[in-house]
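A structural walkthrough
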Amino acid sequence: MPKPEGLYIHVPFCRKKCGYCDFYSVPGTQEDYDRYTDQVCQMLLDCPFGSRVFDTVYFGGGTPSLLGARNIDRILQAAASRHTLTGREITLEANPNTVDGAFFGDIHRSGVNRVSMGLQAAQPLLLHTLGRSHTPGDVTRAVELARGARIENISLDVMLSLPGQTLEDILQTLQFCIELEVPHISAYLLKIEEGTPFDCQDVRGLCPDEDLQSEHYYRMVCFLEHHGLLQYEISNFSRPGFESQHNLGYWKLVPYLGLGPAAHSFLDGKRFHFERDLPAFLAAKDPWSLRQDDGPGGDFTEFAMLRLRLREGLNLDEAQAYYGVDKEQFLFRAQRFIPLGLVQQSGSSLRLTPRGFLLSNPLIARLLGD
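Residues numbered from 1 in each chain as written. Predicted model: local features only at pLDDT ≥ 70, side-chain atom pairs only at ≥ 80, totals over all residues. Heavy atoms only, no water.

Looking at the pattern of salt bridges
- Counted under the stated rule, the structure contains 13 salt bridges.
- The partner of Arg311 in a salt bridge is Glu225, and the shortest N-O contact between them spans 2.3 Å. Residue Arg311 is located in the loop between helix H11 (300-307) and strand S13 (314-315), and its partner Glu225 is located in helix H8 (residues 210-226); the two are separated by 86 residues in the primary sequence.
- With a relative accessible area of 25%, Glu225 lands in the partly exposed category.
- Bridged by salt links that share partners, the residues Glu5, Arg52 and Asp268 form one connected network. (Salt bridge = Lys/Arg side-chain N within 4 Å of Asp/Glu carboxyl O. Helix = DSSP H or I, 4+ residues; strand = E, 2+ residues; numbered from the N terminus. Buried < 20%, exposed > 50% of the residue type's maximum accessible area, 1.4 Å probe, protein only.)

Things to note about the layout of surface pockets
- In this model, the second largest pocket occupies a volume close to 290 Å³.
- Looking at the lining of the second largest pocket, the elements that each hand over two or more residues are strand S1 (5-11), strand S2 (53-61) and helix H9 (245-251).
- The greatest single-element share of the lining of the second largest pocket, amounting to five residues, is contributed by H9.
- The class makeup of the residues in the lining of the second largest pocket is seven nonpolar, five polar and five charged. (1 Å grid on protein atoms, 1.4 Å probe; cavity = no way out; pocket = protein on both sides within 12 Å on 5 of 7 lines; lining within 4 Å. Points joined across faces, edges and corners; volume = space filled by probe spheres on them. Nonpolar A, V, L, I, M, F, W, Y, C, P; charged D, E, K, R; others polar.)

Some details on unusual backbone geometry
- Here the amide bond leading from Gly61 into Gly62 is cis, since omega sits at 15 degrees, within 30 degrees of zero.
- Mapped onto the secondary structure, Gly62 falls in the loop between S2 and helix H2 (69-82).
- The backbone phi angle of Gln120 is positive, close to 70 degrees, even though this residue is not glycine.
- Within the fold, Gln120 resides in strand S4 (residues 114-120).
- What makes Gln120 buried here is its relative accessible area of 6%.
- Positive phi outside glycine occurs at Glu181, with the angle close to 60 degrees.

Section: empty space enclosed by the protein
- All told, the structure shown has one cavity of 30 Å³ or more when counted by the stated rule.
- Considered as a void within the structure, the largest cavity measures approximately 30 Å³ in volume.
- If you go around the largest cavity, the residues you meet are Gln120, Val158, Met159, Leu160, Gln165, Ile170, Thr173 and Leu174.
- For the lining of the largest cavity, the elements supplying multiple residues, two or more each, are strand S5 (153-160) and helix H6 (167-180).

Re the pairing of strand S3 (residues 84-94)
- Here six bridges tie S2 to S3, and the two strands are oriented parallel to one another. Each residue of the ladder has a partner; that of Phe59, found in S3, is Leu92.
- In this view, the connection linking S2 to its parallel neighbour S3 by way of H2 has right-handed handedness.
- In terms of strand pairing, S3 meets S4 through four bridges, oriented parallel. Bridge assignment links Thr91 to a residue of S4, and that residue is Arg114. (Pairing = 2+ DSSP bridges. Right-handed = clockwise from strand over helix to strand, strands pointing away.)

Next up, the structure:
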């Protein structure tokens, strides 16, 4: 049997765009949801890459729950009719105020066994600042409803470095997650992308400075690990056995197929994507004709950058065997960062510390000799 791969479905619909969001999403109608589903199903059936084996499926967005349980089921049925779905992990992102018990029951019967929801903060004022439409109570209710539908693998997103956010706010938000007993938390520093409303409104100037961000991040890592959620990637924490298998695939260069406007793929050693253009996607007689070639993927630079995002780090023996890397030169470059508490070495493996993760982009560049 071929090696398992990942399947990513980008659902580009949101009821309302948050001021910080740079992901591709637009408002939609039920007709749009149905037409979008028609196109994705047809793409799965007409896949030019033959029948694949998908170990993980991830519905991201946007707000995938807006499609409704019937359309989620249609997509999974289409995937299973042409390809092999192992069912190991099928994740759906959802806003906590767009779901109910019947929805969770229906998607679980369709095969969804993991749900990721956006909490962001446990303080209503901060949620209002972000433009979120849910309340902390909506999150509590949604987690309880998911569990009632026998979905136990639940992840919550939280955000740090928000305008006016204090360390106490962050710890209260994390405690909120702990009390809900969710086994996975994704925690992101607010990054204000160019052209977003937050950028145009100069919200950046209201956020904590870099030193305070670093302290907040480090305290978060310590707090979560004290409560049994171990950091396994720069922004992800879980109880043992609840790591996101789909996202681990990205970081370990497991091939994946991405469908939908703005989706990216890494398949058969090549990368390609679809443009951020829902009208063109819906109008296309053959959506596959819209894919844009991004060239080859999976070289050593990619391999190293992605592995160093993980707590387990980069195994230089493996890198030397697969890519012919000069292991000793790489280790030599790393030595200056070890006394600074940014990098740790164990034999031929290197990994970034929590403080190193905060400087991951420039630090990895230095390690690579750039």
